[in-house]
Number of protein chains: 2
Amino acid sequence: MAVYTEVSDEELNEFVDGYDIGALLSYKGIAEGVENSNYLIHTENGNFILTLYEKRVDSNDLPFFLGLKEHLASKGLNCPVPIKNRDGKSLGHLAGRPAAIISFLDGMWVRRPNVTHCEQLGVALAQMHEAGQDFELSRSNALSVSGWRPLFAMCGDRADSVQAGLHAEIENELDFMESNWPASLPTGVIHADLFPDNVFFLRNELSGLIDFYFACNDLLAYDIAICINAWCFEADDMFNVTKIRALLKGYQSVRQLEGAELAALPLLSRGAALRFLLTRLYDWLNIPEGALVMPKDPGEYIKKLRFHRSIRSVADYGIQT
Amino acid sequence: MAVYTEVSDEELNEFVDGYDIGALLSYKGIAEGVENSNYLIHTENGNFILTLYEKRVDSNDLPFFLGLKEHLASKGLNCPVPIKNRDGKSLGHLAGRPAAIISFLDGMWVRRPNVTHCEQLGVALAQMHEAGQDFELSRSNALSVSGWRPLFAMCGDRADSVQAGLHAEIENELDFMESNWPASLPTGVIHADLFPDNVFFLRNELSGLIDFYFACNDLLAYDIAICINAWCFEADDMFNVTKIRALLKGYQSVRQLEGAELAALPLLSRGAALRFLLTRLYDWLNIPEGALVMPKDPGEYIKKLRFHRSIRSVADYGIQT
């Protein structure tokens, strides 16, 4: 649920007049995106998304986010693209916020992804990694291994209030990750948040990727590790070997993984589980007064973290190398 | 902000297949309506609204609400109309709720209504009253004078926590209203909630009325009284004589008010102010745990109630009869 900033009809009319997309016919706040305010706007030319960037997004990052979508789309990837206004700019200002009008992407996210969805996800992820290789801007990943300890520190010593022993367990994980995180795997632009709600399908065909607001430069295989966590466990937290196989099959049909990347997957997946555990833990322990969104239970990622810790090599995921 | 019921892609695909509106292309929960869950859906045929009726709406009332919109539209009034499914029915069932697909009405509500908007509102309100005359279903107004005392009783004796002396003031108002409420004015189908957010405009032309979920049979002039409260005060709670004149001019260009209706306007407006004061007071005193919507301040309607109480005759509104 996200409409943090109310926009008046008068100011939006004026804003839309700055674009060559026909007159504004209607706009409705939509319950999508957690970081920003989003409206679905209908003009004489069709549907568009209006995004107002809220304080949680660093406005210095906006050229990276908007430019990346343009770049990926120009390479043939299906993703929403910022519309340029009459001055040729993607970024404007509305209701005291940086704001952009983005193309509307048809499709729906699947609540219960199946093996075919996972394989198509793998294809699209690899296509995105390839397409991002020559993108000229870069953005470091604030939520990679070096960012985890400061994030954990912001949780204070309250982790044990969620589960006894969790504080020490996370401390050990941080020590381990900081000592063992791989330094020399292939890097590039990663999505970094490719959960099922950011992947659209139409009639079981992947129709596009959305929400690039965590995108950054990092290890390409770490993006796969995030998807393994987000797509390859069942609702009962059981790991689905068939889904990881399909994901990697799809990925490698576009971009062959190096041996070192494959070998690092258990460690990277364990790290990705720790990363989402930490942000969920932080959100869980810091629910703002009058919160509109109930934070997600960190428990799911405690289980996933322990699962990956039990994996000795990629063969334990059921993958033959 | 209203998405109380989450709908999965699978069940919505199946539901939309029951209609002749093309394949489902996307759906997004929208922050519109307080009583129900609303989604904007995009199909091969265009945009539609999907409404899931939540528990606050009595499902016995749904044939009245849906039938009324069909009836008014058939008389040429611009309002959203329920789409019939392949079985010829307007009402279906989705995600455990009664559900309907409604046509999408372009337009935006004006945050700062001006005199022209008020005049057009008057025209549309009278057109709706005329068009509703031969609607065959009826629904009594649970929020008319007889419903106010029970509603106030549900607030207990906490009114004084909002403003000292408010409890006694409301008691006196209830006594007065129950003794003086007019019995023999023209009746018909009224909208009963025609606030600015339920009236759409496109380029300053009224494009339609929405949200008929308080519609009922009651005194036609009471509907005008509700609009006087909702449209003819400025943000600083000052009454705008020019706006009420425009509202009545627009209304009477379609339907001439009887002398008794005009004479009753101060009393009806005072009653309407009491009605909205009572629901706002109730909501204010009963904020549910984890509420998504901050209730509206009842103070605004305390002031409006007192204003109307000071009016001796319709001439005090600046209206010549």
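Just so we're clear, the structure is a prediction, and the values are computed from it rather than from any experiment.

Trainee: How should I be thinking about the sheet that holds strand E4 (residues 92–94) of chain B in this particular structure?
Mentor: Across a sheet, strands are paired by hydrogen bonds formed along the backbone, either parallel or antiparallel in direction. Residues and elements named next belong to chain B. The antiparallel open sheet is built from five strands, whose spatial order is E1-E2-E3-E5-E4. Whereas interior strands pair on both sides, the edge strands pair on one side only; in this sheet they are strand E1 (24–29) and E4. Neighbour-to-neighbour, the strand axes of this sheet turn through a mean angle of 35 degrees, independent of strand direction. Pairing of E1 with strand E2 (residues 37–43) involves five bridges; the strand directions are antiparallel. Within the sheet, the bridge partner assigned to Gly29 lies in E2 and is Tyr39.

Trainee: Explanation requested: the sheet that holds strand E4 (residues 92–94) of chain A in the structure shown.
Mentor: All names here are of chain A. The strand order across the open sheet built from five strands is E1-E2-E3-E5-E4, with neighbouring strands paired in antiparallel fashion. Of all the strands in the sheet, the pair left with one neighbour each is strand E1 (24–29) and E4. On average, each strand axis in the sheet is tilted by 35 degrees relative to the strand beside it, whichever way the strands run.

Trainee: Hey, could you run me through the packing of helix H6 (residues 220–231) of chain A against helix H7 (residues 241–252) of chain A in this one?
Mentor: For any two helices packed against each other, one specifies the crossing angle of their axes together with the interaxial distance. All names here are of chain A. Two numbers describe how H6 lies on H7: the axes approach to 10 Å, and their chain directions differ by 145 degrees. Relative to H7, the crossing made by H6 is right-handed. Residue-level inspection shows Leu220, Ile224, Cys227, Ile228 and Trp231 of H6 in contact with H7, the latter providing Lys243, Ile244, Leu247, Leu248 and Tyr251. For the contact of H6 with H7, a count of residues per class yields nine nonpolar, no polar and one charged.

Trainee: I would appreciate a short explanation of the relation of the copies chain B and chain A in the present structure.
Mentor: Here the second copy of the chain follows from the first by a rotation about an axis and a shift along it. Turning chain B through 180 degrees and shifting it by 0.0 Å along the axis lays it on chain A, with an RMSD of 0.0 Å. Both chain copies can therefore be described as sitting about a two-fold axis. Relative to the rotation axis, the closest C-alpha in chain B is found at Ile30 of chain B, a distance of 2.2 Å. The residues that chain B uses at the interface reappear at the interface of chain A in 97% of cases, marking a shared surface.

Trainee: I would appreciate a short explanation of H6 of chain A in the present structure.
Mentor: One turn of the α-helix equals 3.6 residues, which is why residues spaced by three or four share an orientation. Residue and element names in this part refer to chain A. When the terminal C-alpha atoms of H6 are compared, their 17 Å separation across twelve residues agrees well with the 16 Å that a helix rising 1.5 Å per residue should span. Counted residue by residue, H6 has twelve buried out of twelve residues, so it is predominantly covered. Considered for burial, the residues of H6 that qualify are Leu220, Ala221, Tyr222, Asp223, Ile224, Ala225, Ile226, Cys227, Ile228, Asn229, Ala230 and Trp231.

Trainee: Help me understand the interface of chain B and chain A in this model?
Mentor: Note on interface size: it is often stated as the accessible area lost on association of the parts. Between chain B and chain A, the residue contacts involve 34 residues of the former and 33 residues of the latter. One can count four salt bridges joining chain B with chain A. A salt bridge links Glu44 of chain A to Arg203 of chain B; its shortest N-O distance comes to 3.2 Å. Contributing elements (two or more residues each) for the side of chain B that touches chain A: helix H1 (9–17), E1, E2, strand E3 (46–52) and strand E7 (199–202) of chain B. In terms of residues, the side of chain B that touches chain A owes the most to one element, E1 of chain B, which gives six residues. Here the residues of the side of chain B that touches chain A sort into 19 nonpolar, six polar and nine charged.

Trainee: Can you walk me through the side chain of Arg255 of chain A in this structure?
Mentor: All names here are of chain A. By the element assignment, Arg255 lies in the loop between H7 and helix H8 (259–285). You can call Arg255 buried: its relative accessible area is 11%. A distance of 3.0 Å separates polar atoms of two side chains, one belonging to Arg255 and the other to Glu261. Contacts of Arg255, omitting those with residues within four sequence positions, involve Ala126, Glu130, Pro186, Leu220 and Glu261.

Trainee: For this particular structure, what's the right way to read the environment of Arg309 of chain B?
Mentor: Residue and element names in this part refer to chain B. Topologically, Arg309 is positioned in helix H10 (residues 299–309). On the basis of relative accessibility, which here comes to 33%, the residue Arg309 falls in the partly exposed class. Here the alpha-carbon distance between Arg309 and Lys84, two residues 225 residues apart in the chain, equals 47 Å. Beyond its immediate stretch of four places on either side in the chain, Arg309 contacts Glu169, Glu173 and Arg270. Side-chain polar atoms of Arg309 contact the side chain of Glu169, separated by 2.6 Å. Here Glu173 takes part through its side chain, which lies 2.6 Å from a polar atom of the side chain of Arg309.

Trainee: Just checking my understanding: could you explain the domain arrangement of chain A for this structure?
Mentor: All names here are of chain A. Taken domain by domain, chain A holds domain 1 (9–103) and domain 2 (115–317). For domain 1 versus domain 2, the separation of C-alpha centres amounts to 28 Å. Listed per partner, the contact involves 20 residues of domain 1 and 22 residues of domain 2. It is Phe64, Phe65 and Leu77 that lose the most area in domain 1 upon contact with domain 2, and together they represent 31% of the buried surface on that side. A salt bridge links Asp61 to Arg139; its shortest N-O distance comes to 3.1 Å. Linking domain 1 with domain 2 are eight residue pairs in polar contact (both at pLDDT 80 or more). Residues of the side of domain 1 that touches domain 2, tallied by class, amount to ten nonpolar, five polar and five charged.

Trainee: Could you clarify how one ought to interpret the pattern of salt bridges in this entry?
Mentor: All names here are of chain B. Under the criterion given, the structure shown has 40 salt bridges over all chains. The salt bridge involving Arg149 is made with Asp175; its shortest N-O contact spans 2.7 Å. Of the two residues, Arg149 is situated in helix H4 (residues 145–153) and Asp175 in helix H6 (residues 166–180); the sequence distance between them amounts to 26 residues. You can call Asp175 partly exposed: its relative accessible area is 38%.

Rules used throughout
Once a new chain begins, its residue numbering starts again from 1 and follows that chain's sequence as written. Chain letters and ligand numbers both follow the written order, the letters beginning at A and the numbers at 1. Two thresholds apply to this predicted model, a pLDDT of at least 70 for residue-level local features and 80 or more for giving and counting side-chain atom pairs, whereas whole-chain, interface and lining totals are computed over all residues. The side-chain numbers reported here are obtained from all heavy atoms of the structure, hydrogens and water having been left aside. Pairing between two strands requires that DSSP report at least two bridges joining them. Only DSSP runs of H or I with at least four residues qualify as helices, and only runs of E with at least two residues qualify as strands; both kinds are numbered from the N terminus onward. Axis definition: a line fitted to C-alpha atoms, over the contacting stretch in the case of helices. Angles run 0 to 180 degrees between N-to-C directions. By convention, the crossing between two helices is left-handed when the near helix turns anticlockwise from the far helix through less than a right angle, and right-handed when the turn is clockwise. Contacts between residues were defined by any pair of non-hydrogen atoms, one from each residue, lying within 4.5 Å. Each residue gets one of three labels, nonpolar for Ala, Val, Leu, Ile, Met, Phe, Trp, Tyr, Cys and Pro, charged for Asp, Glu, Lys and Arg, and polar for the others, Gly among them. Only residues with pLDDT of at least 70 in both copies contribute their C-alpha atoms to the least-squares superposition of the copies. Residue count minus one, scaled by 1.5 Å, sets the expected span of a helix. Each residue's exposure class comes from its accessible area (1.4 Å probe, protein chains only) as a fraction of the maximum for that residue type: buried when under 20%, exposed when over 50%, partly exposed otherwise. In what follows, salt bridge is the name for a side-chain nitrogen of Lys or Arg lying within 4 Å of a carboxyl oxygen of Asp or Glu. Here a polar contact is taken to be a pair of N or O atoms separated by no more than 3.5 Å, where protein atoms must pair a possible hydrogen donor with a possible acceptor and residues adjacent in sequence count only if both atoms sit in side chains. Reported domain spans reflect what an automatic or database domain assignment gives. Buried surface area refers to the total accessible area, computed with a probe of radius 1.4 Å, that the two partners give up upon joining, counted for both partners together.

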